[in-house]
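Structure assessment
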Amino acid sequence: MSEQNATKMWSGRFREPLNQAFEAWQASFRFDVRLLPHEVAASRAHARMIAAAGILTEDELATMLDGLNQVPRAAIAAGSSFFNLEAYSEAHAKHRPNAGAVFSAQPGIVALHPHVEDIHHFVEVTLTGIIGDLALKLHTGRSRNEQIATDMRLFVREAIDTTISGLTRWTQSLVDLAEQAGEAVMPSYTHLQRAEPVLIAHWLLAYVAMAERDITRFRDARKRMNLCPLGSGAIAGATLPLDRTIAAEALGFDGPTPNSMDATSDRDFALEFTQAASVLGLHISRFAEELTLQATAEYGFLDLPEAFSTGSSAMPQKKNPDFTELIRGKSARLIGSATTLAVLIKGLPLAYNKDLQEGQEPVFDAADTIAAMLAILPEFTRALTFRHAQMKTAADTGYLNAMAAATYLSNKGIPFRKAHEIIGNAVRLGLETHRELSEIPLADLQQLSPAFAEDFYASVTLEATLDCHDVIGGTARPRVAQALTAARARLTEGLV
Ligand code: ARG
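Because the structure is predicted, anything quoted here is derived from the model rather than measured.

Attention now goes to the overall build of the protein chain. Check the secondary structure of the protein chain and you find 22 helices and four strands. Taking 23 Å as the expected radius of gyration for a compact globule of 496 residues, we find that the protein chain reaches 30 Å, considerably beyond that expectation. Projected onto its principal axes, the C-alpha positions of the protein chain cover 100 × 55 × 40 Å. Looking at the protein chain as a whole, 50% of its 496 residues qualify as buried. Counting only contacts in the protein chain whose residues sit at least 6 apart along the sequence, the fraction spanning at least 24 positions is 73%. With 45 positive and 58 negative side-chain charges, the protein chain shows a spacing of 2 Å between the two charge centroids.

Here we take up the site of the ligand. Near the ligand the following residues occur: Ser 28, Asp 118, His 120, Arg 144, Asn 145, Ile 148, Tyr 352, Gln 357 and Gln 360. Ser 28 is positioned such that a nitrogen or oxygen atom in its side chain is 3.1 Å from a nitrogen atom of the ligand. Contact between the ligand and Asn 145: a nitrogen atom at 2.9 Å from a side-chain N or O atom of the residue. Calculation on the ligand without its partners gives an accessible area of 340 Å², and the protein chains cover 86% of this total. A per-element tally of the shell around the ligand places helix 9 (residues 144-181) first, with three residues. Across the shell around the ligand, the residue classes tally to two nonpolar, five polar and two charged.

This paragraph deals with the pairing of strand 1 (residues 185-190). Pairing of strand 1 with strand 2 (residues 193-199), which is carried by five bridges, proceeds in the antiparallel orientation. The residue bridging Tyr 189 from the neighbouring strand is Arg 194, located in strand 2. Linking two consecutive strands that pair antiparallel, namely strand 1 and strand 2, is a turn of two residues; a positive phi of about 55 degrees is found at His 191 within it.

Before going further, it helps to spend a moment on the packing of helix 3 (residues 36-52) against helix 8 (residues 119-131). Taken N-terminus to C-terminus, the directions of helix 3 and helix 8 make an angle of 65 degrees; their axes are 10 Å apart at the nearest point. As helix 3 runs across helix 8, the sense of the crossing is right-handed. In contact with Leu 36, Glu 39 and Ser 43 of helix 3, helix 8 contributes Ile 119, His 120, Phe 122 and Val 123. The residue makeup of the contact of helix 3 with helix 8, split by class, is four nonpolar, two polar and one charged.

The next thing to look at is the pattern of salt bridges. In a structure, side chains of opposite charge can pair up when their charged atoms sit close to one another. Tallied over the full model, the rule gives 22 salt bridges. Salt-bridge contacts for Glu 212 lead to Arg 490; the nearest nitrogen and oxygen are separated by 2.7 Å. Taken together, the residues Glu 212 in helix 10 (residues 200-225) and Arg 490 in helix 22 (residues 477-492) connect sequence positions 278 residues apart. Overall, Glu 212 belongs to the buried group, its relative accessible area being 16%.

Averaged over all residues, the pLDDT of the protein chain equals 92, while 93% of them reach at least 70. Here residues 81-85 is a poorly scored stretch, pLDDT under 50, and it has 13 contacts once near neighbours within four places are set aside; other chains count.

Bringing the environment of Gly 255 into the picture now. Tracing the sequence through the fold places Gly 255 in the loop between helix 11 (244-250) and helix 12 (260-265). Each C-alpha atom of the pair Gly 255 and Leu 227 lies 5.2 Å from the other, and the pair is 28 residues apart in sequence. Not counting chain neighbours up to four residues away, the residues in contact with Gly 255 comprise Asn 226, Leu 227, Cys 228 and Ala 248.

Moving on, we come to unusual backbone geometry. The linkage connecting Leu 350 with the following residue, Ala 351, adopts the cis geometry, with an omega of 0 degrees. Position of Ala 351 relative to the elements: it lies in the loop between helix 14 (322-346) and helix 15 (360-382). The backbone phi angle of His 191 is positive, close to 55 degrees, even though this residue is not glycine. Examined against the element boundaries, His 191 turns out to sit in the loop between strand 1 and strand 2. In this structure, Leu 192 is a non-glycine residue whose phi angle is positive, near 60 degrees.

This part covers a nonpolar patch on the surface. On the surface, a cluster of nonpolar side chains totalling about 270 Å² of accessible area is made up of Ile 235, Met 261 and Leu 350. Among the structural elements, Met 261 can be located in helix 12. Relative accessible area serves as the criterion here: at 35%, Met 261 is assigned to the partly exposed category.

On to the side chain of Thr 126. If you trace the backbone, Thr 126 turns up in helix 8. Overall, Thr 126 belongs to the buried group, its relative accessible area being 13%. Filtering out sequence-adjacent residues up to four positions away, Thr 126 remains in contact with Val 71 and Ala 74.

A separate point is the environment of Thr 385. Here Thr 385 lies in strand 4 (residues 385-386). Considered as a pair, Thr 385 and Pro 305 are 80 residues apart in the sequence and their alpha carbons are 7.5 Å apart. With sequence-adjacent residues up to four places away left out, Thr 385 is seen in contact with Phe 301, Leu 302 and Asp 303.

The rules behind these values
- Residues numbered from 1 in each chain as written.
- Predicted model: local features only at pLDDT ≥ 70, side-chain atom pairs only at ≥ 80, totals over all residues.
- Heavy atoms only, no water.
- Helix = DSSP H or I, 4+ residues; strand = E, 2+ residues; numbered from the N terminus.
- Rg over C-alpha atoms; globule rule 2.2 N^0.38 Å.
- Buried < 20%, exposed > 50% of the residue type's maximum accessible area, 1.4 Å probe, protein only.
- Contact = heavy atoms within 4.5 Å.
- Lys, Arg positive; Asp, Glu negative; His and termini not counted.
- Charge placed at Lys NZ, Arg CZ, Asp CG, Glu CD.
- Near = heavy atom within 4 Å.
- Polar contact = N/O pair within 3.5 Å; in protein donor to acceptor, adjacent residues only side chain to side chain.
- Areas by Shrake-Rupley, 256 points an atom, 1.4 Å probe, with all protein chains shown as cover.
- Nonpolar A, V, L, I, M, F, W, Y, C, P; charged D, E, K, R; others polar.
- Pairing = 2+ DSSP bridges.
- Axes fitted to C-alpha atoms, helices over the stretch in contact; angles between N-to-C directions.
- Left-handed = near helix turned anticlockwise from the far one by under 90°.
- Salt bridge = Lys/Arg side-chain N within 4 Å of Asp/Glu carboxyl O.
- pLDDT = per-residue confidence, 0-100.
- Patch = residues over 30% accessible without salt bridge, like charges linked within 9 Å, V, L, I, M, F, W, Y side chains within 5 Å.

In structure tokens, the structure reads:
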């Protein structure tokens, strides 16, 4: 055994030291250090399990649990000149999701342990420093393959919970904004061409619907992944008669995973998280893109909140939509994480392969990216101020009531295909004479069809144009009011 390998978790069969560059390159400690709280929790659960199997006495278990509790503090103390102890304690005390992120911001800990391979190794080394050789019993009946699978599940579960609370806050801000908008209108678009008037609230509720689906996607993924790999061993199951339910329960899992080969090599829970994050990113990105357009002089619908914009160093008049642009950019990054994981897993034979180590950083990055987006998005959304007058003018001109007008004719018994044609002719007439449909004299309309009568004008007002969409999910004012009340109720009842 070489000297340098002596502290490793696998030194026995090796005679030669590792190539130094290779050693540093293959180590994951610099990024998996953020799994420390999960590694400690999982190790405590494992200790209970092996104690129940008679590997540890009650006293040894107590010493082991106490020692494991001290590991984060010991790590902090060792790297204290680099470490923000208060930030960690505060995050931990509040059970703030992702307290482990505090560690990843502390390159000091990693720098102090150049020969530590990964978080599992680090905990063993640190625990040995605290409780002595008893620490070496902790690895009885377990493998790093199940440990990393467990730590990652704990990380993803926490990230899902953080994402769901962030998403709920964004949904709340959208519903608040929709309520504030009242009956204010805007043009809707298909093909990016003005289509029909809608309530601003209706448009905002479209994003509420997307966000609610996103929440269900994360909840669904969480249910599927909430099983505990501990006891799966390296590949074929633990070599001790462990009661796997002990660890599962201690870690808040719904039960043990059903197959050891799957449990140690599967990462689809992580893939699902990044995929759900990508879909969420797409939704937020579409919102951001719409706002970016609305904030242009060409649209003139939106005053960008100054608190979320920046200026140009060259052009003094500029107010740039940095927030919405970056949101679009970040969503690309989320897709990148999901893609990395999918490609990583695709060709892997069962069970554990070291390639899987490469799957950690994309998950961390997706979790950080989505958390940071959702931390700002609700406040940004609340700060939006729409130019209602401009939006109304855009909704009320340019023949956006043509479909309502055709519906008027079809209500008079004219087949819609014909009605469409007649209103098309009326629009042409309007374009030629610079008049809206409501400004064309009845006599001229009657030349196009005798079905036009005085009540036509009431059927093409802005209000009538909205209210004729009187179906579930339509933009008729009473329907939107109902939808808004229902969304608000779901939020208050915690159903969102
Ligand atoms: N750092 C490793 C990873 O992230 C832990 C598992 C190592 N297992 C092994 N057999 N080398 O995947």
